[in-house]
Protein chains: 2
Amino acid sequence: MDTKALHQITYGLYVVASRREDALNAQIANTVFQITSEPPAIAVGINRANLTHEFIVASGLFVASVLPQDTPLAVIGHFGFRSGRKSEKFQGTDYRLSPAGVPYLPASLAYLEAKVTRALEAGTHTVFVGEVSQMELVQPGVPLTYAHYHQMKRGAVPKAAPLPPAPVEQAKPGRWVCKQCTYIYDPEKGDPEGGVPAGTPFTALPGNWVCPVCGASKDAFAPED
Amino acid sequence: MDTKALHQITYGLYVVASRREDALNAQIANTVFQITSEPPAIAVGINRANLTHEFIVASGLFVASVLPQDTPLAVIGHFGFRSGRKSEKFQGTDYRLSPAGVPYLPASLAYLEAKVTRALEAGTHTVFVGEVSQMELVQPGVPLTYAHYHQMKRGAVPKAAPLPPAPVEQAKPGRWVCKQCTYIYDPEKGDPEGGVPAGTPFTALPGNWVCPVCGASKDAFAPED
């Protein structure tokens, strides 16, 4: 068996949100898909250990925001690598509420609100199926794919590129990899959003610098080999 | 509700095959995704009216072949718009058998064989979850996305293009649309694979010409407006 075959499956990337009474939470998910047209129903696979899973079970609601291709890595890191058990994810985040009171991102291309009708437990994950109760286009744009996100994280495509070519990965000297999320720090690019100019070696980064994707500290990084 | 929001969900395109005793069948599906890593398990949504659905229920097996971006439209039409109830789909088709005896395409990028562990009925469709029993890369290449397929069908991207820009649809004079599968016949391009040279008006096509995607006859076409 070659598990690389799994990487040939195509996905988008979504912020999937839910609520429990007045508490809101959301996470990154790639497994959102339509399952029936009449009535329109969508499904999502969610890890049972996640707080969003608890919220979906409690409210029977989820909303998927379709991320655009130019989504900053920090947004994906915020929703994907930090737990809502430790901090309120929507605090300080620009969001709107769907008719059922579940948050979606105004920076998304579209949102789909669903009311859970069925759930299938499958080991570590649950597949929730929900009838779409509201859906709207938010703004025009190209959806972010999971493949493109991985290319961005490895610094292999500029943010505005149309869509990625087949990945060609080459280790470059001076690059360091985040062991938590696989983000690559490239000294040629620095981390402009984090105030680090291009040309800064990893070892010269300030001690309080954190991974722009997942927030891990410097000691979570190892040299790329 | 704006159902166009559903079109912002990203999918790949797959030939999903199964068998019932010695009989083989397959169809096109876009809803293949990984659901757990430990153990590796994948899911697929299949219309309950399809023969492949019957075969998956009978054998508890399915194999997804990941289609490459340069898949000819005729291949998708063969598996996607013709029923295995009327003809043996693998007759005259190049295929190989997975260890469990389910066909996959040697022209695919990868195949994943799964043994069904759970099934969730969801209206017109069933979501089958299967533990991956075998998976292999078949050849390198870029996976075909559902969005790219739709662009190809509308003649909006050349076959070798990397990936589609946001769709800009404009009706052109002389183009006819297949009402069965939405393929567009463009007289500027003709249908070279069907022996029709560029510059041939739709009305001049031979009476036995059929839609290169779904095999519908000429009278299934209407002028694009």
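Conventions and cut-offs
Every chain is numbered on its own, with residues counted from 1 as its sequence reads. For naming, the first written chain is A and the first written ligand is 1, with later ones following in the order written. Under the rules for a predicted model, residues below a pLDDT of 70 receive no local features and side-chain atom pairs below 80 are neither given nor counted, while totals for whole chains, interfaces and linings still include all residues. Values reported for side chains reflect all heavy atoms of the structure, with hydrogen atoms and water molecules removed beforehand. By nonpolar core we mean a set of buried residues, namely Ala, Val, Leu, Ile, Met, Phe, Trp, Tyr and Cys, connected to one another through side-chain atoms within 4.5 Å. Categorising residues by exposure relies on relative accessible area from a 1.4 Å probe, with only protein chains included: less than 20% of the type maximum marks a residue as buried, more than 50% marks it as exposed, and the intermediate range marks it as partly exposed. Whether two residues are in contact is decided by their heavy atoms, any of which lying within 4.5 Å being enough. In this comparison the copies share one frame, found by least squares on the C-alpha atoms of residues holding pLDDT of at least 70 in both. Two parts placed together each lose some accessible area; with a 1.4 Å probe, that loss summed over both constitutes the buried area. When a carboxyl oxygen of Asp or Glu is within 4 Å of a side-chain nitrogen of Lys or Arg, the pair counts as a salt bridge. For the purposes of these results, a polar contact is taken to be a pair of N or O atoms within 3.5 Å, where, inside protein, one atom must be able to donate a hydrogen and its partner to accept one; residues adjacent in sequence count only when each atom of the pair is a side-chain atom. The helix count covers DSSP runs of H or I at least four residues long, the strand count covers runs of E at least two residues long, and both are numbered beginning at the N terminus. We call Asp, Glu, Lys and Arg charged. Ala, Val, Leu, Ile, Met, Phe, Trp, Tyr, Cys and Pro are nonpolar, and the rest, Gly among them, are polar.

A. How the structure looks around the nonpolar core. Counting residues in each nonpolar core, the largest one holds 60 residues, and the members touching the most others are Val 16 of chain A together with Val 16 of chain B. Those residues in contact with Val 16 of chain A, other than ones at most four positions away along the chain, are Asn 25, Ala 26, Gln 27, Ala 29, Val 32, Val 44, Ile 46, Thr 52, Phe 62, Val 63 and Ala 64 of chain A.

B. Looking closely at the relation of the copies chain B and chain A. Mapping chain B onto chain A calls for a rotation angle of 180 degrees and an axial translation of 0.0 Å; the resulting RMSD is 0.1 Å. Taken together, the rotation and translation describe the operation of a two-fold axis. Interface residue correspondence from chain B to chain A reaches 100%, placing this contact among same-surface, isologous pairings.

C. Examining the interface of chain B and chain A more closely. The interface is formed by 50 residues belonging to chain B together with 50 residues belonging to chain A. Note on chain B versus chain A: buried area summed over both sides is about 4,200 Å², and carbon and sulfur give 72% of it. Taken together, chain B and chain A are joined by zero salt bridges. Remark: the boundary between chain B and chain A carries 12 residue pairs in polar contact (both at pLDDT 80 or more). Breaking the side of chain B that touches chain A down by element, the ones donating at least two residues are strand E3 (32-36), strand E4 (41-47), strand E8 (110-122) and strand E9 (125-137) of chain B. Considering every element that reaches the side of chain B that touches chain A, the biggest residue donor is E9 of chain B, with nine residues. Residues belonging to the side of chain B that touches chain A are distributed by class as follows: 29 nonpolar, 15 polar and six charged.

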